[in-house]
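# Structural overview for review
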Amino acid sequence: RGPADGSGSNIPFLKPALSALKSATIIPSLVNNRLLQRAKLKLPAPWALLNLPSILIVQNPFGSAITLKTSNCAISPCQKLQAKKPGTCETYYPSPIGNYTPDDVSETIPAHAVATFKSHTVKLYKLLTPEMLKSMFSVAGGSALIRLQGSMTISAGDFHVTVDYKEDDVPVCLDSALAPCKDFASEPWPRAEEIVI
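A short tour of the structure in this document, coming up. None of these values were measured; they are calculated from a predicted model. (Residues numbered from 1 in each chain as written. Predicted model: local features only at pLDDT ≥ 70, side-chain atom pairs only at ≥ 80, totals over all residues. Heavy atoms only, no water.)

On to the side chain of Thr 67, then. Considering the arrangement of structural elements, one finds Thr 67 in strand β3 (residues 66-81). There is a polar contact of 2.8 Å between the side chain of Thr 67 and the side chain of Thr 108. The contacts of Thr 67, once residues within four sequence positions are left out, are Ser 106, Glu 107, Thr 108, Thr 153, Ile 154 and Ser 155. (Helix = DSSP H or I, 4+ residues; strand = E, 2+ residues; numbered from the N terminus. Polar contact = N/O pair within 3.5 Å; in protein donor to acceptor, adjacent residues only side chain to side chain. Contact = heavy atoms within 4.5 Å.)

Right, here's the structure in full:
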């Protein structure tokens, strides 16, 4: 989708056309190369229980740098893993737990590279209960799978576009002082199929 305010182009007569532009396609580079590689969540501060700090590792399979400007993506945890296909979710919880992110992201990923984002907020829709955490993670420091679905505003050079985005089976680690995530920047992580639900 083109930006509704016409900011997708500096050329005046293209602004109305780009503001109404909508197109759907599968980007070939992303079929076997997910953008979101994995995420680390930290428990929220006691004074901001609906703000879940999160750090993403994102790859750019394209030949030019891209900047993720904003993101409005709902997060749904995996409810049931596929027994015969490790690391794959069979069903996700029907109601998302939160949104990534109300923050201005403005993170740039160089061409053909991987970047670790700064911490940004996942805005929770309700408080995380011990039962929710137990259903998402086998233990603190373990991993789970999430679905990220919504829209993102991305720029590459002077080109700005809002894209609909959906990524399934994203590994997520819950980081705590007593059970920190394994080395976040490198694999292997605890495998999602080890989770008992």
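Going through the model one piece at a time under the given rule, you end up with 4 cavities of 30 Å³ or more. The volume enclosed by the largest cavity comes to roughly 110 Å³. No other element matches strand β9 (residues 143-156), which puts 3 residues into the lining of the largest cavity. Taken together, the residues of the lining of the largest cavity sort by class into 13 nonpolar, no polar and no charged. Considered as a void within the structure, the second largest cavity measures approximately 90 Å³ in volume. Contributing elements (two or more residues each) for the lining of the second largest cavity: β1 (36-42), β2 (51-60) and β9. A breakdown of the residues in the lining of the second largest cavity according to their chemical character gives 13 nonpolar, 1 polar and no charged. (1 Å grid on protein atoms, 1.4 Å probe; cavity = no way out; pocket = protein on both sides within 12 Å on 5 of 7 lines; lining within 4 Å. Points joined across faces, edges and corners; volume = space filled by probe spheres on them. Nonpolar A, V, L, I, M, F, W, Y, C, P; charged D, E, K, R; others polar.)

When you line up the elements, Asn 60 lands in strand β2. Among the polar contacts made by the side chain of Asn 60, one reaches the main-chain carbonyl oxygen of Ile 109 at a distance of 3.1 Å. Dropping the residues within four chain positions of it, Asn 60 is found in contact with Ala 65, Ile 66, Ile 109, Pro 110, Ala 111, His 112 and Ala 113.

Let's shift gears to the pairing of strand β8 (residues 120-124). Burial analysis of β8 places 4 of its 5 residues in the buried class, the great majority of the element. The pairing of β2 with β8 spans 4 bridges and is classified as antiparallel. Considered in β8, the bridge of Ser 54 is made with His 120. Alignment of strand β5 (residues 98-100) against β8, held across 3 bridges, turns out to be antiparallel. Bridging from a neighbouring strand, Gly 98 pairs with Leu 124 of β8. (Buried < 20%, exposed > 50% of the residue type's maximum accessible area, 1.4 Å probe, protein only. Pairing = 2+ DSSP bridges.)

Attention shifts here to a nonpolar patch on the surface. A cluster of nonpolar side chains, contributed by Ile 11, Phe 13 and Leu 14, occupies part of the molecular surface with about 300 Å² of accessible area. Along the chain, Phe 13 turns up in the segment before α1 (15-20). (Patch = residues over 30% accessible without salt bridge, like charges linked within 9 Å, V, L, I, M, F, W, Y side chains within 5 Å. Areas by Shrake-Rupley, 256 points an atom, 1.4 Å probe, with all protein chains shown as cover. Salt bridge = Lys/Arg side-chain N within 4 Å of Asp/Glu carboxyl O.)

Moving on: the state of the cysteines. If you walk through the whole model with that rule in mind, you get 1 disulfide. Here Cys 78 engages in a disulfide with Cys 89; their sulfurs sit 2.2 Å apart. The chirality of the disulfide connecting Cys 78 with Cys 89 is right-handed, given an S-S dihedral of about 100°. Placement of Cys 78 in strand β3 and of Cys 89 in strand β4 (residues 89-92) is noted, with a sequence separation of 11 residues between them. (Disulfide = S-S within 2.5 Å.)

Once that is clear, we can look at the nonpolar core. Ranked by internal contacts, the top residues of the largest apolar core, which has 27 residues, are Phe 117 and Leu 148. Elements with a minimum of two residues in this core: β1, β2, β3, β8, β9 and β10 (159-175). The contacts of Leu 148, once residues within four sequence positions are left out, are Leu 36, Cys 73, Ala 74, Ile 75, Tyr 100, Tyr 165, Lys 166 and Glu 167. In this structure, Leu 81, Cys 89, Tyr 92 and Leu 145 belong to the second largest nonpolar core, which totals 5 residues. (Core = buried A, V, L, I, M, F, W, Y, C linked by side-chain atoms within 4.5 Å.)

This paragraph deals with the environment of Val 172. Secondary-structure assignment places Val 172 in strand β10. For Val 172, a relative accessible area of 1% corresponds to the buried category.

This part takes up the pattern of salt bridges. This structure, assessed with the given rule, holds 4 salt bridges. Between Glu 167 and Arg 34 there is a salt bridge, with its nearest N and O atoms 3.9 Å apart. Of this pair, Glu 167 sits in strand β10 while Arg 34 sits in the loop between α1 and β1, and the two are 133 residues apart along the sequence. Here Glu 167 falls in the buried class, since its relative accessible area comes to 12%. Between Lys 80 and Glu 90 there is a salt bridge; the shortest N-O distance is 3.7 Å. Highlighted residues: Lys 80 in strand β3 and Glu 90 in strand β4, separated in sequence by 10 residues.

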